[in-house]
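# Structural features, examined
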Amino acid sequence: MPPASTGASTIVLDAAAPSAAAVASPPVPDRLTPGGPGYRRMSFALFAAGIATFALLYSTQALLPAVSASFGATAGQASWTVSAATGALALCVLPLSALSERFGRRRMMTASLAVAVVLGLLIPFAPSLGWLIALRAVQGAALAGLPASAMAYLAEEVRPKALVAAIGLFVAGNSIGGMSGRILAGWVAQAWGWRMALGAIGLLALACAVVFHFMIPKARHFTPASLNPKALAKTVTGHLSDPLLRRLYAIGALFMTVFGAVYTVIGYRLVEEPFSLPQGIIGSVFLVYLVGTLSSAAAGRLVGRLGRRGALYLAVSTTAAGLLLSLADQLAAVLGGLVLITAGFFAGHAVASSSVSRTATTGRAQASALYQTAYYLGSSVGGTLGAVAFHAGGWSGTVVLGVLAVLGVLSITLFGTRAARTERLRAASPAAVHN
């Protein structure tokens, strides 16, 4: 895969006689690298942004049984409070990423967080399920400005060799946000109801947004671009015509289909027999997100040892094993299955998303936006279909949906492996003929 470009112009000098102007010109600032103060500030800021994003985006997921009871809704109807947010994000991420090309990644991320937090503080007052779904859709649209802009910001500001690790830390923030938001929501809902739980998540996101605003370093390698719909369409078409990018987009969507289905439905399974767990304990089940934090942060080391496709094979195997283990009616087995599903998902997502940022040498925001579109469409589809499958066939129905999605990831990765092998043989054949 080609390395990400620096975004800075390249000046070719005569090695024998460098010009005085070239010598006098100010040096281009170095990219952020692990160990540097700017890198630490950036990591902490984007970690906080990741917490806020996932805490807000999935704020109702652990509360779905309570929302269903409050409004007399089925699991499928209540699941739209999650699917509407992720679906709106998927639809808006590309246009908002285009705006980030004009106005800057940092400014777009700040504005997205601000609007989403304000909505997060209003959502607890929704008078009906319809209003709750509508407000959640607007909130998802607001959050759309953050993920792709963050990926593009990292690709421009971080050294290429550190990119997978940096994106892994951002994804780790996602996992911490998903975990802390659900745990907080579960215990607050058990004591004071689901509306107070949503308010608590809004306050958590507000604190994270403040941290992000004061910690994120200024962009040093961003060059504003004009808003040109034709150029945008050309860039998007170019990305969609790239076979590797298409495979990465499909992998992200399928991984998220599994994850969305499992975590949308798990609360309904655990509140029923034979488990009959209270809301607070169900929320605490999301402590398994800590495994996702570790696996996403370790994605860079996995790629270094196994290669990109090797890391994906490991993520697929882990996720599939978790789905099958979760079929047992023992709580320990279900929790073990969730641990494996979470570890496999976050590792696969970190590998795929970082591969997109490294593969796209131009229009990185759009490349990342297309990945985020596929990823969150997978979440929306997975959440809705997972609830429908659960209604039709119980937890086994949800697991069947997940296994089918995992087999899709496996098929795509196998195809990529075969295509890479064919390309290597084709490249080596002229040399063999010459010898």
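Parameters and conventions
- Residues numbered from 1 in each chain as written.
- Predicted model: local features only at pLDDT ≥ 70, side-chain atom pairs only at ≥ 80, totals over all residues.
- Heavy atoms only, no water.
- Helix = DSSP H or I, 4+ residues; strand = E, 2+ residues; numbered from the N terminus.
- Buried < 20%, exposed > 50% of the residue type's maximum accessible area, 1.4 Å probe, protein only.
- Contact = heavy atoms within 4.5 Å.
- Areas by Shrake-Rupley, 256 points an atom, 1.4 Å probe, with all protein chains shown as cover.
- Axes fitted to C-alpha atoms, helices over the stretch in contact; angles between N-to-C directions.
- Left-handed = near helix turned anticlockwise from the far one by under 90°.
- Nonpolar A, V, L, I, M, F, W, Y, C, P; charged D, E, K, R; others polar.
- Core = buried A, V, L, I, M, F, W, Y, C linked by side-chain atoms within 4.5 Å.
- Parallel < 35°, antiparallel > 145°, perpendicular 65-115°, else oblique.
- Expected span 1.5 Å × (residues − 1).
- Bend = angle between axes of the 7 residues up to and from the residue.
- pLDDT = per-residue confidence, 0-100.

## Some thoughts on the overall build of the chain
- Counting secondary structure elements, the chain contains 17 helices and zero strands.
- Looking at the chain residue by residue over its 435 residues, the buried ones come to 54%.
- Sequence-distant contacts in the chain: of pairs separated by 6 or more residues, those separated by 24 or more amount to 84%.
- For the chain, the accessible area works out to roughly 17800 Å², and carbon and sulfur atoms hold 69% of it.

## With respect to the packing of helix H2 (residues 37-57) against helix H9 (residues 163-192)
- Contact pair H2 / H9: the axes reach a minimum separation of 7 Å and the direction vectors enclose 35°. With respect to the hand of their crossing, H2 and H9 are arranged in right-handed fashion. Seen from H2, the contacting residues are Tyr39, Ser43, Leu46, Phe47, Gly50, Ile51, Phe54 and Ala55; seen from H9, they are Ala165, Ala166, Leu169, Phe170, Ala172, Gly173, Asn174, Ile176, Gly177, Gly178, Ser180 and Gly181.
- Considered class by class, the residues forming the contact of H2 with H9 number twelve nonpolar, eight polar and no charged.

## Some points on the nonpolar core
- Of all hydrophobic cores here, the largest spans 124 residues; its most connected members are Leu46, Leu154 and Tyr263.
- No other element matches helix H12 (residues 243-271), which puts 16 residues into this core.
- If sequence neighbours within four positions are ignored, Leu154 has contacts with Met42, Leu46, Leu163, Ala166, Ile167 and Phe170.

## Details of the packing of helix H14 (residues 289-297) against helix H15 (residues 299-325)
- Taken N-terminus to C-terminus, the directions of H14 and H15 make an angle of 45°; their axes are 4 Å apart at the nearest point. With respect to H15, the axis of H14 lies oblique. Contacts between H14 and H15 involve Ser295, Ser296 and Ala297 on the former and, on the latter, Ala299, Gly300 and Arg301.
- A class-by-class count of the residues in the contact of H14 with H15 yields two nonpolar, three polar and one charged.

## Overview of helix H5 (residues 80-103)
- Helix length check: H5, at 24 residues, gives a terminal C-alpha distance of 32 Å against a target of 34 Å (1.5 Å per residue), a fit within 8%.
- The sharpest bend along H5 measures roughly 45° and falls at Val93, with the proline Pro95 sitting one to four residues further on.
- Directly after H5, the chain includes Gly104, whose backbone phi takes a positive value near 110°.

## Quick look at unusual backbone geometry
- Cis peptide bonds are those with omega within 30 degrees of zero, and the linkage from Glu273 to Pro274 qualifies with 5°.
- By secondary structure assignment, the location of Pro274 is in the loop between H12 and helix H13 (279-284).
- Unlike most non-glycine residues, Ser276 shows phi in positive territory, near 50°.
- With respect to the element layout, Ser276 can be found in the loop between H12 and H13.

## Some thoughts on the confidence of the model for the chain
- On average, residues of the chain carry a pLDDT of 83, and 90% of them reach 70 or more.
- A low-confidence stretch, residues 1-28 (pLDDT under 50), is modelled with 31 contacts involving residues beyond four sequence positions or located in other chains.

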